[in-house]
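Here is how the chains run, residue by residue.
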Amino acid sequence: KSTDRKQPMDIAADSSDMLLNDDGVSKICGNVRISQGTLAIDADCAEVTRVKGDLTQVTLTGAPARLRQVNDNGEPMDASAARIIYFTKAAQITLSGGVVIDQPRGSMRGESIRYDLNTGRLNGGGDGSRIQMRLSPKPEGGG
Amino acid sequence: MNYRKGALAMSLLVAALGVVVWDMRGQRERRVDTAVRSDYRLERFEMSAYGEDGSIAFGLSSPLLERAADGKTLDIETPAFVFPAEGGRSWQAGARSAWVSDRAREIQLRGDVRIVGPLSKRGLRTEFSADRLSVFPKDNRIASPGWVTVSHGTSILKGKGLEADMKQRRVKLLSEVTARYAPESR
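The rules behind the values
Residues numbered from 1 in each chain as written. Chains lettered and ligands numbered in written order. Predicted model: local features only at pLDDT ≥ 70, side-chain atom pairs only at ≥ 80, totals over all residues. Heavy atoms only, no water. Helix = DSSP H or I, 4+ residues; strand = E, 2+ residues; numbered from the N terminus. Buried < 20%, exposed > 50% of the residue type's maximum accessible area, 1.4 Å probe, protein only. Contact = heavy atoms within 4.5 Å.

Colleague: What should I look at first to understand unusual backbone geometry in this one?
Modeller: For residues other than glycine, phi is negative in most cases, and the peptide bonds are mostly trans. Note the cis peptide between A63 of chain A and P64 of chain A, where omega equals -5 degrees. Its location among the elements puts P64 of chain A in strand β5 (residues 54-70). The backbone phi angle of A91 of chain A is positive, close to 55 degrees, even though this residue is not glycine. Within the element layout of this structure, A91 of chain A appears in the loop between β6 (76-87) and β7 (92-103). Classification of A91 of chain A as buried rests on a relative accessible area of 0%. Phi is positive for E176 of chain B, which is not a glycine, with a value near 50 degrees. Position of E176 of chain B relative to the elements: it lies in strand β11 (residues 170-181).

Next comes the structure, spelled out in structure tokens:
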């Protein structure tokens, strides 16, 4: 949901290795589970970047890393990719490496896809890689 | 936080206090474990320890310090340590009690342990809290086998087992880690 990023972000993992500075990167590894409102991401490792004390970016890697979120219309989205980068300030997520996105209205596959958390818009390709989309037919009498 | 100087200073303290023998055994009935007679004890004291270069290594205040009969280790009640940090700032460390090993290789803080760092440029503090936590002055290191909570500004991390290099300001939580990052402050 667009309000997700205004929630605290909770992370659970097996271990962490962090720098105690206002600007620093903490590496958190092992069964990483991130939750923030309806957003949930599972990965092997996460790098949490803070600038001036604020969380600005989380880079997650996995085989694959998985992301789930419910949009403002209540529709669920399931995504998986080798690498997921969450830019918290910009409310943008980039997925790269064998990206698969499933939504009720259809699915999308590609090597690099950008997801806008405010609008729910998905943006793929543009970097030379191709996108495959499959749109689900509207249910009978769906209007 | 220059622990190396701290360790040397603590050793000097042990040596110096060896001269000031103040055996209170007969004066006041205290909860003294008769099996472990203390070599000497200090009550309601404040002290500053200095390193070889004359700069302060740490400050310590406590209601009671006892040197064990083996003449090597110290037991300190509700210690309040102050360790100098860069730029004239300091770390504060407190606990219900502390045990100091021979030649201060290890300072074991026990019970309601809290270590509070100086304000950073952004006005954020680092804090450690645990039930038990050891300071190893010679290696600039702190460690704990148990649950430790580390906070820096609005980020709070908790885990079981801690290893921290205070010179590098690098902290590892070894298992069962949970973290909470508050939404951006602006």
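Once you've had a look at it, read on.
Colleague: I keep staring at the environment of I34 of chain A and nothing clicks. Help me out?
Modeller: Residue and element names in this part refer to chain A. For I34, the position within the fold is in strand β3 (residues 24-36). For I34, a relative accessible area of 1% puts it in the buried group. Separated by 49 residues in sequence, I34 and R83 place their C-alpha atoms 14 Å apart. Setting aside residues no more than four positions away along its own chain, I34 makes contact with M9, D10, I11, L39, A40, I41, A46, V58 and L60.

Structural measurements only, silent on function.
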